[in-house]
Amino acid sequence: RLLRKFYKKGSWKNVISLGDGPAERRALQEIGFQHLNPASPRTGEPKTFRTKTVKMLEEPSCSELISELQMIQAWIPALAMWDEDV
């Protein structure tokens, strides 16, 4: 529901999931398998929907969490621009 609300009637482009467990990753992958974007008016092909998941540490210490968040902050732009699933 959240993705439908966010994208409204537009095509879904990039969705990034951050989490420490497999449930988040599987849920996003399942959505990626089921969702079909509308066709591009230019090519007639469905627009690409890319899913990206980042596995975080389970029960990190404060210093590990800070390091993870700093790395995510540094990598998010490149991850969002990557033109494939990750």
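Relevant structure appears above.
The notes below deal with the structure included here. Note that the structure is a prediction, hence the values are computed from the model and not measured. (Residues numbered from 1 in each chain as written. Predicted model: local features only at pLDDT ≥ 70, side-chain atom pairs only at ≥ 80, totals over all residues. Heavy atoms only, no water.)

### A short note on empty space enclosed by the protein
To locate leftover empty space, one rolls a probe as large as a water molecule over the atoms. Evaluation of the coordinates by the stated rule reveals 1 cavity of 30 Å³ or more. Considering only enclosed or pocket space, the largest cavity measures out at about 40 Å³ in volume. Along its surface, the largest cavity is lined by Ser17, Gly19, Gly21, Glu24, Arg25, Thr53, Val54 and Lys55. At the level of elements, β1 (14–19), α2 (22–34) and β2 (50–55) are the ones that each hand at least two residues to the lining of the largest cavity. If you tally residues by element for the lining of the largest cavity, the top one is β2, at 3 residues. (1 Å grid on protein atoms, 1.4 Å probe; cavity = no way out; pocket = protein on both sides within 12 Å on 5 of 7 lines; lining within 4 Å. Points joined across faces, edges and corners; volume = space filled by probe spheres on them. Helix = DSSP H or I, 4+ residues; strand = E, 2+ residues; numbered from the N terminus.)

### Points about the packing of aromatic side chains
Evaluation of the coordinates by the stated rule reveals 3 aromatic pairs. An angle of 20° between the planes, with centres 6.1 Å apart, marks the rings of Tyr7 and Trp12 as stacked. Judged by relative accessible area, which is 15%, Tyr7 ranks as buried. Aromatic side chains Trp12 and Phe49 sit 5.3 Å apart centroid to centroid with 80° between the ring planes, which places their arrangement in the edge-to-face category. Within this pair, whereas Trp12 is found in the loop between α1 (2–7) and β1, its partner Phe49 is found in the loop between α2 and β2, the two being separated by 37 residues in sequence. Here the two residues Trp12 and Phe49 agree in accessibility, since each one is buried. Following the ring pairs from residue to residue traces out a cluster consisting of Phe6, Tyr7, Trp12 and Phe49. (Phe/Tyr/Trp six-rings, centres within 6.5 Å; stacked < 30°, edge-to-face > 60°. Buried < 20%, exposed > 50% of the residue type's maximum accessible area, 1.4 Å probe, protein only.)

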